[in-house]
Amino acid sequence: MKITNICCIGAGYVGGPTMAVIAEKCPHIKVTVVDLNEARIAAWNDEDVNNIPIYEPGLNEIVANTRNKNLFFSTAVDQAIDEAQLIFISVNTPTKTYGTGKGMAADLKHIELCARQIAKVAKNDKIIVEKSTLPVRTAEALKSILDNTGNGVQFQILSNPEFLAEGTAVQDLLHPDRVLIGGETTPEGQQAIESLVDVYANWVPKERILKTNVWSSELSKLTANAFLAQRVSSINAMSELCEKTEANVNEVAKAIGMDSRIGSKFLKASVGFGGSCFQKDILNLVYISKAFGLNEVADYWEQVIIMNDHQKRRFSRNIVQTLYNTVSGKKIAFLGWAFKKDTNDTRESAAIYVADDLINEQANIALYDPKVGHQQVLADLDYLDTRKPADNEKHIHTFDNPYMACENAHAVAILTEWDEFKDYDWKKIYDSMLKPAFIFDGRNLLDAEKMRAIGFVYQSIGS
Ligand code: NAD
Ligand code: UGA
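Residues numbered from 1 in each chain as written. Chains lettered and ligands numbered in written order. Predicted model: local features only at pLDDT ≥ 70, side-chain atom pairs only at ≥ 80, totals over all residues. Heavy atoms only, no water.

(A) Structural detail: the site of ligand 2. Around ligand 2, 20 residues are found, and the nearest of them are F163, L164, S270, C277 and R443. The backbone of L164 places a nitrogen or oxygen atom 2.7 Å from an oxygen atom of ligand 2. Interatomic distance of 2.8 Å between a side-chain N/O atom of K221 and an oxygen atom of ligand 2. When ligand 2 sits alone it has 700 Å² of accessible area, and the protein chains cover 89% of it. Take the shell around ligand 2: its biggest share by element is 4 residues, from helix 9 (residues 214-245). Considering only residue class, the shell around ligand 2 consists of 11 nonpolar, 3 polar and 6 charged. (Near = heavy atom within 4 Å. Polar contact = N/O pair within 3.5 Å; in protein donor to acceptor, adjacent residues only side chain to side chain. Areas by Shrake-Rupley, 256 points an atom, 1.4 Å probe, with all protein chains shown as cover. Helix = DSSP H or I, 4+ residues; strand = E, 2+ residues; numbered from the N terminus. Nonpolar A, V, L, I, M, F, W, Y, C, P; charged D, E, K, R; others polar.)

Below you can see the structure in the form of structure tokens.
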């Protein structure tokens, strides 16, 4: 089938950027991104393209080029489903917070609702594409719902997981290492795969488009995230050993990364990985493994999360210990709240957990992040439900100027590796702080020698 009309359900961090790039590269295809969240759709349609709901370098230009030409954002879900030949499902699949599998399994309620809605609306054959990250064998459940509740039309289900990383989403989508498409081995399944291959082939070299069976595709996504997160936990484990032995984790990472079998990426020690997916996907992998009785497999992967939690906790504990075992009433400046640079996404950011620990110790947090505002910070803390919202509000102050955040602070903690932090006038910050002035660099971002020369007591992860 030659695809000329695509619908994507879910206008989030994946659906929005992915569809914008498809629209840009496939001017002959009409792409409609739909969502139940009216405010989010309104923001995607905001006249000022700088106000789209997701900050990603380069995204607003692509949206400006394509919006209302062949890219549309809408809340009219049924209409978009009806018109499309191919439907991406790109809704959120968070960790379950209730019932069986609470805290581990992926919550598939949004996926199931999409399937039921598609089944209800579809009046002709359609290709359904799993873009969300899903437990292996979800396609089976999707197919059962679609075939048993639909209007007798044919559905082909493909798995096409997304590998973009936030902050580099546009570049990742324009130049993917690979595009993975899993489908049924039947002739109809293979035809559906080819229809989607033809969409990507508008800009992705064919040798980078990988075709597998559905289950391999679903499981490859969980596996890729588990392997990436495992590298971060591995280097973070070594960072603690480095701190005890006067080895320097940056030197160790460089030395091992030059081994071409290991490779240099994802070896940056940090305050801990965050983001909406690593933890959720590994927990899901652990849950699935346990469900099959594979307890050793489950324990192996769970350790990646245990290490990450430990890394966050030991960062906050170290701040308290270094500040003479009390931060009560002290001002701690936080630079960064997003889970990594170049994104406004804060989901599972290590900063949230570090702040929570320090507020437990009655610290006052003065925060600056280039892309995250006060309401989001409070919402993130309230979500943890550690204390009353009013108490979070008392302890968190956000600033739109980093120098004001640091003024009269006892310590600065670097939580996100925003490039701009490197270029600050650190002498000016030092002069405005209480002495001794401490920096806890959770990202190994600043130049240790330079900071010490200014007069800071400077500590970074793993050295
Ligand atoms: P998100 O929360 O930013 O976006 C999901 C959107 O789906 C929300 O706006 C929500 O309102 C909408 N939605 C939910 N149910 C709906 C329904 N029934 N009808 C219409 N809209 C509905 O999530 P995200 O970060 O874009 O992630 C989506 C999926 O992609 C997840 O499975 C995630 O694991 C996966 N993924 C995410 C990333 C990433 O970098 N964020 C990368 C790769 C894969
Ligand atoms: C990650 C994967 O990289 C993507 O391929 C995947 O599509 C995505 O998850 C997903 O499924 O959601 P993302 O979470 O956006 O992307 O960002 P990463 O660059 O992977 O960073 C994740 C976390 O690990 C961040 O907090 C980052 O600061 C941290 N990190 C990363 C380190 O601490 N050290 C490193 O060396 C690399």
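There's more to say after this.
(B) Examining the sheet that holds strand 10 (residues 364-368) more closely. Strand order in the open sheet formed by 6 strands is 11-10-9-12-13-14, and the pairing between neighbours is parallel. The open sheet has two edge strands with one neighbour each: strand 11 (396-398) and strand 14 (457-460). Between one strand axis and the next, the sheet turns through 20° on average, direction left out of account. Here strand 9 (residues 331-335) pairs with strand 10 via 5 bridges, running parallel. Within strand 10, the residue paired with F334 across the bridge is L367. (Pairing = 2+ DSSP bridges. Axes fitted to C-alpha atoms, helices over the stretch in contact; angles between N-to-C directions.)

(C) Examining the site of ligand 1 more closely. Around ligand 1, the surrounding shell holds 25 residues, and the nearest of these are D35, R40, T93, E166 and K280. In this structure, a nitrogen atom belonging to ligand 1 sits 2.7 Å away from a side-chain N or O atom of E166. K280 is positioned with one of its side-chain polar atoms (N or O) 2.6 Å from an oxygen atom of ligand 1.

(D) Fine view of the packing of helix 11 (residues 278-291) against helix 12 (residues 295-322). Remark: helix 11 packs on helix 12, axes separated minimally by 8 Å, with the N-to-C direction vectors making an angle of 155°. One finds that helix 11 runs roughly antiparallel with respect to helix 12. Every pair of crossing elements has a handedness; the one defined by helix 11 and helix 12 is left-handed. Between helix 11 and helix 12, the contacting residues are Q279, I282, L285, V286, S289 and K290 on the first element and N295, V297, A298, W301, E302, V304, I305, D309 and K312 on the second. Counted by class, the contact of helix 11 with helix 12 contains 8 nonpolar, 3 polar and 4 charged residues. (Parallel < 35°, antiparallel > 145°, perpendicular 65-115°, else oblique. Left-handed = near helix turned anticlockwise from the far one by under 90°. Contact = heavy atoms within 4.5 Å.)

(E) Region of the structure containing the nonpolar core. With 61 residues, the main nonpolar core has F334, W337, L358, W426 and F456 as its most contacted residues. Examining the composition of this core, we find that 7 residues originate from one element, helix 13 (residues 350-360), more than from any other. Counting 45 residues, the second largest nonpolar core, distinct from the first, contains I3, I22, L59 and L86. (Core = buried A, V, L, I, M, F, W, Y, C linked by side-chain atoms within 4.5 Å. Buried < 20%, exposed > 50% of the residue type's maximum accessible area, 1.4 Å probe, protein only.)

(F) Focus on the pattern of salt bridges. Applying the stated criterion across every chain yields a total of 23 salt bridges. Linking R137 and E140 is a salt bridge whose minimum nitrogen-to-oxygen distance equals 3.2 Å. Taking the relative accessible area as the measure of exposure, R137 reaches 37% and is therefore partly exposed. K427 is the partner of D431 in a salt bridge, and the nearest nitrogen-oxygen pair spans 2.9 Å. Taken together, the residues D431 and K427, both in helix 17 (residues 426-432) and 4 residues apart, mark about one turn of the helix. (Salt bridge = Lys/Arg side-chain N within 4 Å of Asp/Glu carboxyl O.)

(G) Examining helix 8 (residues 187-200) more closely. The first and last C-alpha atoms of helix 8 sit 20 Å apart over 14 residues, in line with the 20 Å expected at 1.5 Å per residue. Listing the buried residues of helix 8 in full gives G189, A192, I193, S195, L196, V197, V199 and Y200. (Expected span 1.5 Å × (residues − 1).)

(H) Region of interest: the pairing of strand 10. Among the 5 residues that make up strand 10, 4 are buried, leaving the element largely enclosed by the rest of the structure. Taken together, strand 9, helix 13 and strand 10 constitute a β-α-β crossover, and its handedness is right-handed. As paired strands, strand 10 and strand 11 are joined by 3 bridges and run parallel to one another. Its bridge partner being in strand 11, L367 is matched across the sheet by T398. (Right-handed = clockwise from strand over helix to strand, strands pointing away.)

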